[in-house]
Amino acid sequence: GQQVMQIPQYQHVQEGEDFTTYCNSSTTLSNIQWYKQRPGGHPVFLIQLVKSGEVKKQKRLTFQFGEAKKNSSLHITATQTTDVGTYFCAGPNAGGTSYGKLTFGQGTILTVHP
Amino acid sequence: GAGVSQTPSNKVTEKGKYVELRCDPISGHTALYWYRQSLGQGPEFLIYFQGTGAADDSGLPNDRFFAVRPEGSVSTLKIQRTERGDSAVYLCASSPNSQYNEQFFGPGTRLTVL
């Protein structure tokens, strides 16, 4: 079945440093979504990328979708303590009819030291 | 407006018992999803409904797990003969329909099987 892997599993940074997490799917995705889960909280949708090679920005966050639609990255510039949490990528299989079935990566836990 | 709600927030049960977990989606959302999240892992897909019918139940681990959504709104996840390995946070999410990709998650039910 479809597998989604994320690296690194953990990332500790000093406030102001940059952070990047990478996501790789074993199958082509119809789209890639990113979610953030704060400690003790639930996943919250950040963004969706649909097109091959797409790049989207949200303030200090930059999201990319690979040309083959099998990988993605999230980059945070100048981290702040409010960025703390676990970042998940997720996507449905391309070509399938089960649009709602998301396969999540295991997440990257980000801690930011002030 | 109100978000997705789940009850109970915590459930402790003994091995072999039956449990029901309830999810109230955002009003008007026709798609409803169940996930299971173990510590340090991403949400694992269980089942999703479009309206009253289960559109994809391929993630249910075995026949001890069953979910219903009889009126297309509230859903109940039912687990028979619980095992210690069923201990996890059970997350529910909803979206306006299954082709609308952002999923809105509830706070989850933490199930502990002793």
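The rules behind these values
Chains are numbered independently. Their residues run from 1 in the order of the written sequence. The order in which chains are written sets their letters, starting at A; the order in which ligands are written sets their numbers, starting at 1. Given that the model is predicted, a residue must reach a pLDDT of at least 70 before its local features are reported, and side-chain atom pairs must reach 80 or more before they are shown or counted; all residues, however, enter totals for whole chains, interfaces and linings. By convention in this description, side-chain values take in all heavy atoms of the structure and omit both hydrogens and water. The numbering of helices and of strands both runs from the N terminus, where a helix is a DSSP run of H or I of at least 4 residues and a strand a run of E of at least 2. Here the globule rule is a power law, 2.2 Å times the number of residues to the power 0.38, and the radius of gyration is based on C-alpha atoms. Under the scheme applied here, a residue whose accessible area is under 20% of the maximum for its type counts as buried, over 50% as exposed, and between as partly exposed, the area being computed with a 1.4 Å probe on protein chains only. Any two residues having at least one pair of non-hydrogen atoms within 4.5 Å are treated as being in contact. In these tables, accessible area is a Shrake-Rupley quantity obtained with a 1.4 Å probe, and a residue counts as shielded only by the protein chains included in the view. When DSSP finds at least two bridges between two strands, those strands are taken to pair. In this analysis, axes come from line fits to C-alpha atoms, helices being fitted only over the stretch in contact, and the angle between any two N-to-C directions falls in the range 0 to 180 degrees. Side-chain atoms within 4.5 Å are what join buried Ala, Val, Leu, Ile, Met, Phe, Trp, Tyr and Cys residues into a set we call a nonpolar core. Salt bridges are defined by distance alone: a side-chain nitrogen of Lys or Arg within 4 Å of a carboxyl oxygen of Asp or Glu. Contacts described as polar in this section are N or O atom pairs within 3.5 Å, which, within protein, must combine one atom able to donate a hydrogen with one able to accept it, while residues neighboring in sequence count only if both atoms come from side chains. Under the convention adopted here, Pro, Cys and the residues Ala, Val, Leu, Ile, Met, Phe, Trp and Tyr are nonpolar, Asp, Glu, Lys and Arg are charged, and Gly plus all remaining residues are polar.

**What about the overall build of chain A?**
For step 1, the next point in the chain: Looking only at helices and strands, chain A features 0 helices and 11 strands.
For step 2, the next point in the chain: Going residue by residue from the N terminus, the α and β elements of chain A occur as β-β-β-β-β-β-β-β-β-β-β.
For step 3, the next point in the chain: Its C-alpha atoms give chain A a radius of gyration of 14 Å, near enough to 13 Å, the size a compact globule of 114 residues would have.
For step 4, the next point in the chain: In terms of its C-alpha atoms, chain A occupies a principal-axis envelope of roughly 45 × 30 × 20 Å.
For step 5, the next point in the chain: Going through the 114 residues of chain A one by one, you find that 46% of them count as buried.
For step 6, the next point in the chain: For chain A, contacts bridging at least 24 residues in sequence account for 55% of all contacts bridging at least 6.
For step 7, the next point in the chain: Split by element, the accessible area of chain A, about 5,500 Å² in all, is 52% carbon and sulfur.

**Describing the sheet that holds strand β7 (residues 65–68) of chain B**
Residues and elements named next belong to chain B.
For step 1, the next point in the chain: Taken together, 4 strands build an open sheet; the order of strands is β1-β3-β8-β7 and the sheet is antiparallel. A single partner strand is all that each edge strand has here, and the edge strands are β1 (5–7) and β7. Put simply, the sheet's adjacent strands are angled 15 degrees from each other on average, direction ignored.
For step 2, the next point in the chain: Bridging between β1 and strand β3 (residues 19–24) involves 3 bridges; their strand directions are antiparallel. Note that in β3 the partner of Gln6 across the bridge is Cys23.

**Details of the environment of Asn97 of chain B**
Residues and elements named next belong to chain B.
For step 1, the next point in the chain: Inspection of the secondary structure assignment puts Asn97 in the loop between β9 (88–95) and β10 (104–105).
For step 2, the next point in the chain: Since its relative accessible area comes to 32%, Asn97 is described here as partly exposed.
For step 3, the next point in the chain: As a C-alpha pair, Asn97 and Gln50 span 47 residues in sequence and 6.9 Å in three-dimensional space.
For step 4, the next point in the chain: What Asn97 contacts, discounting residues up to four positions off in sequence, is Thr30, Ala31, Tyr33 and Gln50.

**A closer look at the nonpolar core**
For step 1, the next point in the chain: Ranked by internal contacts, the top residues of the largest apolar core, which has 20 residues, are Trp34, Leu46, Ile47, Leu77 and Tyr90 of chain B.
For step 2, the next point in the chain: Looking at this core, the elements that each hand over two or more residues are β3, β4 (31–37), β5 (44–50), β7, β8 (75–79), β9 and β11 (109–113) of chain B.
For step 3, the next point in the chain: By size, the runner-up hydrophobic cluster in this structure holds 19 residues, among which are Phe19, Leu29, Ile32 and Trp34 of chain A.

**What to know about the pairing of β4 of chain B**
Residue and element names in this part refer to chain B.
For step 1, the next point in the chain: For β4, a buried count of 7 out of 7 residues is recorded, marking the element as mostly surrounded by other parts of the structure.
For step 2, the next point in the chain: Burial along β4 is two-sided: the face carrying Ala31, Tyr33, Tyr35 and Gln37 and the face carrying Leu32, Trp34 and Arg36 are both buried.
For step 3, the next point in the chain: Here β4 folds back onto β5 in antiparallel fashion, the turn holding 6 residues, of which Gly40 has a positive phi close to 80 degrees.
For step 4, the next point in the chain: In this sheet, β9 lies alongside β4 in antiparallel orientation, the contact comprising 7 bridges. Residue pairing for β9: Tyr33 is matched across the bridge by Ala93.

**Re the pattern of salt bridges**
Residues and elements named next belong to chain B.
For step 1, the next point in the chain: Within the structure shown, the criterion is met by 6 salt bridges over all chains.
For step 2, the next point in the chain: Across the salt bridge formed by Asp24 and Arg22, the nearest N and O atoms sit 2.9 Å from each other.
For step 3, the next point in the chain: One continuous salt-bridge network, built from bridges that share partners, spans Arg64, Glu83 and Asp86.

**Let's talk about the interface of chain A and chain B**
Interfaces are often described in size by the accessible area the parts lose on coming together.
For step 1, the next point in the chain: Facing the 18 residues of chain A at the interface are 20 residues of chain B.
For step 2, the next point in the chain: Inspection of the region where chain A meets chain B yields 0 salt bridges.
For step 3, the next point in the chain: Our enumeration of links across chain A and chain B arrives at 4 residue pairs in polar contact (both at pLDDT 80 or more).
For step 4, the next point in the chain: For the side of chain A that touches chain B, the elements supplying multiple residues, two or more each, are β4 (32–37) and β5 (44–49) of chain A.
For step 5, the next point in the chain: In terms of residue count, β4 of chain A provides more of the side of chain A that touches chain B than any other element does, 3 residues in total.
For step 6, the next point in the chain: Grouping the amino acids of the side of chain A that touches chain B by side-chain chemistry returns 7 nonpolar, 10 polar and 1 charged.

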